[in-house]
Amino acid sequence: MAVLKVKFTKTKRDKLAQILWVLNWVSVVSGIILFSLGLFLKIEIKKRNEVMAKGNVNSVPNMLISVGVIACIINFLGGKICYDCSDANKFSRWKLVMLPYIVCTFCFTFCILVGALMCYTMRNELEESLYLGLRDAIKFYKDTDIPGRCFLKKTVDMLQIGFQCCGNNGFRDWFEIQWVSARYLNMASKEVLDRLKSNVDGKFLVDGVPFSCCNPSSPRPCIQYQLTNNSAHYNYDFLTEELNIWVKGCREALLDYYTAIMRSIGIAALLIWLFELSVLIGVRYLQTAMKNVILLGDLEGESDGWLLENSFVETAKYNISIIKNLGKANQISSVSGMNDPNVDVQHTNCGKTNVTIKSIPAA
């Protein structure tokens with residue numbers, strides 16, 4: 001029994017073909033939108049490439065870009081097919097192409113759904129990439145004279161100012177590294193020498209942060225050095241008073257930024273997937289209705305259209321049997337009930353019994 005069978009007259013078939021022709025061109029626009037969203041996300045990720053570790057963070061934008069290009073091609077072809085399907089004679093040219101086209105389009109719409117879901121599952125990979133990338137960027141913040149790292153200081157400073165953040169997880173990350181270049185340290189100062197000798201690695205560690213961590217909205221002048229020393233500043237308590245530097249870590253700030261972008265892109269991709277799926281259902285109805293009207297021979301009469309010719313269970317069993325028999329082209333299929341003629345052949349003596357075998361007399 002056919003699934004979701006619908007009766008189509010000649011007028012309904014023509015209107016369905018015209019509507020699908022328009023919708024396929026709208027789908028071309030949706031493919032361009034997917035391509036643009038993927039390209040936008042890729043550019044946004046590339047902007048902060050210096051503070052991201054190498055990983056699979058580009059998988060989502062690459063997926064959206066690829067799906068967008070394929071959408072334009074498939075829907076352009078679908079528009080041509082639907083336009084010709086209004087004429088039964090022109091449909092004959094596409095008769096053998098439409099079913100493979102529908103199968104390919106179904107796989108393509110599934111890829112759109114996968115791309116939309118990837119937008120919501122990318123957060124963990126992005127968080128790890130940001131954590132490792134920011135850790136290295138802060139570590140090499142002072143290396144302004146080393147090729148390949150000389151722009152990291154500017155990158156980190158602009159990042160902290162733009163996203164109103166400080167450090168990787170927070171401002172205390174700056175306490176654990178030497179972020180002041182050795183060229184700006186006065187080696188004749190006893191304080192500097194004491195700090196260099198105070199740890200095993202010989203690093204100049206201070207309880208301070210770069211200027212880019214300062215909050216310009218604070219009414220108090222920025223306190224970026226000796227943050228944990230209450231006696232160094234008037235009327236100051238770092239444990240109870242709200243600091244006039246950014247408290248949020250840059251990893252959290254960037255993660256929130258990219259999550260908001262990917263959430264919006266994911267919603268757009270889901271809407272496009274639903275739209276493409278509805279167009280695919282319409283094309284399937286048009287294909288079956290045109291196929292049946294040609295089989296009936298009355299091009300002006302009514303015909304049935306459906307999503308599946310048989311029930312879901314029967315269709316699944318049929319497709320499973322096809323998959324199981326793939327690669328068995330050189331074997332006799334047992335599905336048709338035929339047996340190998342060379343197996344278990346009964347040998348007879350053609351009804352002759354007691355056949356006497358004459359021996360040749362010896363010379």
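Residues numbered from 1 in each chain as written. Predicted model: local features only at pLDDT ≥ 70, side-chain atom pairs only at ≥ 80, totals over all residues. Heavy atoms only, no water.

## Re the packing of aromatic side chains
In step 1: Inspection of the entire model under this criterion finds nine aromatic pairs.
In step 2: Considering the side-chain rings of Trp174 and Trp179, the 6.2 Å spacing of their centres and the 75° angle between planes classify their relative orientation as edge-to-face. No difference in accessibility class separates Trp174 from Trp179, as the two residues are buried.
In step 3: Between the aromatic rings of Trp179 and Tyr225, the centroid separation amounts to 6.2 Å while the plane-to-plane angle is 20°, which identifies the pairing as stacked. Taken as a pair, Trp179 in the loop between helix H5 (152–162) and helix H6 (190–197) and Tyr225 in the loop between H6 and helix H7 (250–296) lie far apart in primary sequence, 46 residues in all.
In step 4: One aromatic cluster in this structure is built from Tyr141, Trp174, Trp179 and Tyr225.
In step 5: The ring of Phe140 carries Arg149 above its face, with NZ or CZ at 3.7 Å from the centroid. (Phe/Tyr/Trp six-rings, centres within 6.5 Å; stacked < 30°, edge-to-face > 60°. Buried < 20%, exposed > 50% of the residue type's maximum accessible area, 1.4 Å probe, protein only. Helix = DSSP H or I, 4+ residues; strand = E, 2+ residues; numbered from the N terminus. Lys NZ or Arg CZ within 6 Å of the ring centre and 35° of its normal.)

## Some points on the state of the cysteines
In step 1: Under the defined criterion, the tally for this structure stands at three disulfides.
In step 2: One disulfide in the model links Cys165 with Cys250; its S-S distance is 2.1 Å. Classification of the bridge connecting Cys165 and Cys250 rests on its S-S torsion, roughly 85°, and on that basis the disulfide is right-handed. Pair noted here: Cys165 is in the loop between H5 and H6 and Cys250 is in helix H7, with a separation of 85 residues, a long-range link. There is no split in this pair, since Cys165 and Cys250 are both buried.
In step 3: Here the cysteine-cysteine linkages of the protein chain are recorded as 1-6, 2-3, 4-5, numbering only bonded cysteines and doing so in sequence order. (Disulfide = S-S within 2.5 Å.)

## Section: a nonpolar patch on the surface
In step 1: Nonpolar side chains collect at one region of the surface, where Trp21, Val22, Trp25, Val26, Phe76 and Tyr83 lie side by side and expose about 600 Å² of accessible area between them.
In step 2: Mapped by element, the contributors of at least two residues to the nonpolar patch are helix H1 (10–47) and helix H2 (59–84).
In step 3: Ranked by residues supplied to the nonpolar patch, first place goes to H1 with four residues.
In step 4: Looking at where Trp21 falls in the secondary structure, it is placed in helix H1.
In step 5: Assessed through its relative accessible area of 36%, Trp21 is described here as partly exposed. (Patch = residues over 30% accessible without salt bridge, like charges linked within 9 Å, V, L, I, M, F, W, Y side chains within 5 Å. Areas by Shrake-Rupley, 256 points an atom, 1.4 Å probe, with all protein chains shown as cover. Salt bridge = Lys/Arg side-chain N within 4 Å of Asp/Glu carboxyl O.)

## What to know about the UniProt feature "transmembrane region" (unreviewed entry) in the protein chain
In step 1: In the numbering used here, UniProt assigns the "transmembrane region" (unreviewed entry) feature to residues 20–40, 60–78, 98–120 and 265–286.
In step 2: The span residues 98–120 carries 100% helix and 0% strand; its end-to-end C-alpha distance comes to 34 Å.
In step 3: Taken end to end, residues 265–286 is 100% helix and 0% strand, and its two terminal C-alpha atoms sit 31 Å from one another. (UniProt positions renumbered as here; feature names shortened; annotations may be inferred.)

## Overview of the nonpolar core
In step 1: If you look at the biggest cluster of nonpolar residues, it comprises 78 residues, and the most contacted ones within it are Trp174 and Val209.
In step 2: Per-element tally for this core: the top contributor is H7, with 18 residues.
In step 3: Mapped onto the domain boundaries, this core takes at least three residues apiece from domain 1 (3–139 + 252–307) and domain 2 (171–247).
In step 4: Beyond its immediate stretch of four places on either side in the chain, Trp174 contacts Ile138, Tyr141, Val156, Gln160, Cys166, Gly167, Trp179, Val206, Gly208, Val209, Pro210 and Cys213. (Core = buried A, V, L, I, M, F, W, Y, C linked by side-chain atoms within 4.5 Å. Domains from an automatic or database assignment. Contact = heavy atoms within 4.5 Å.)

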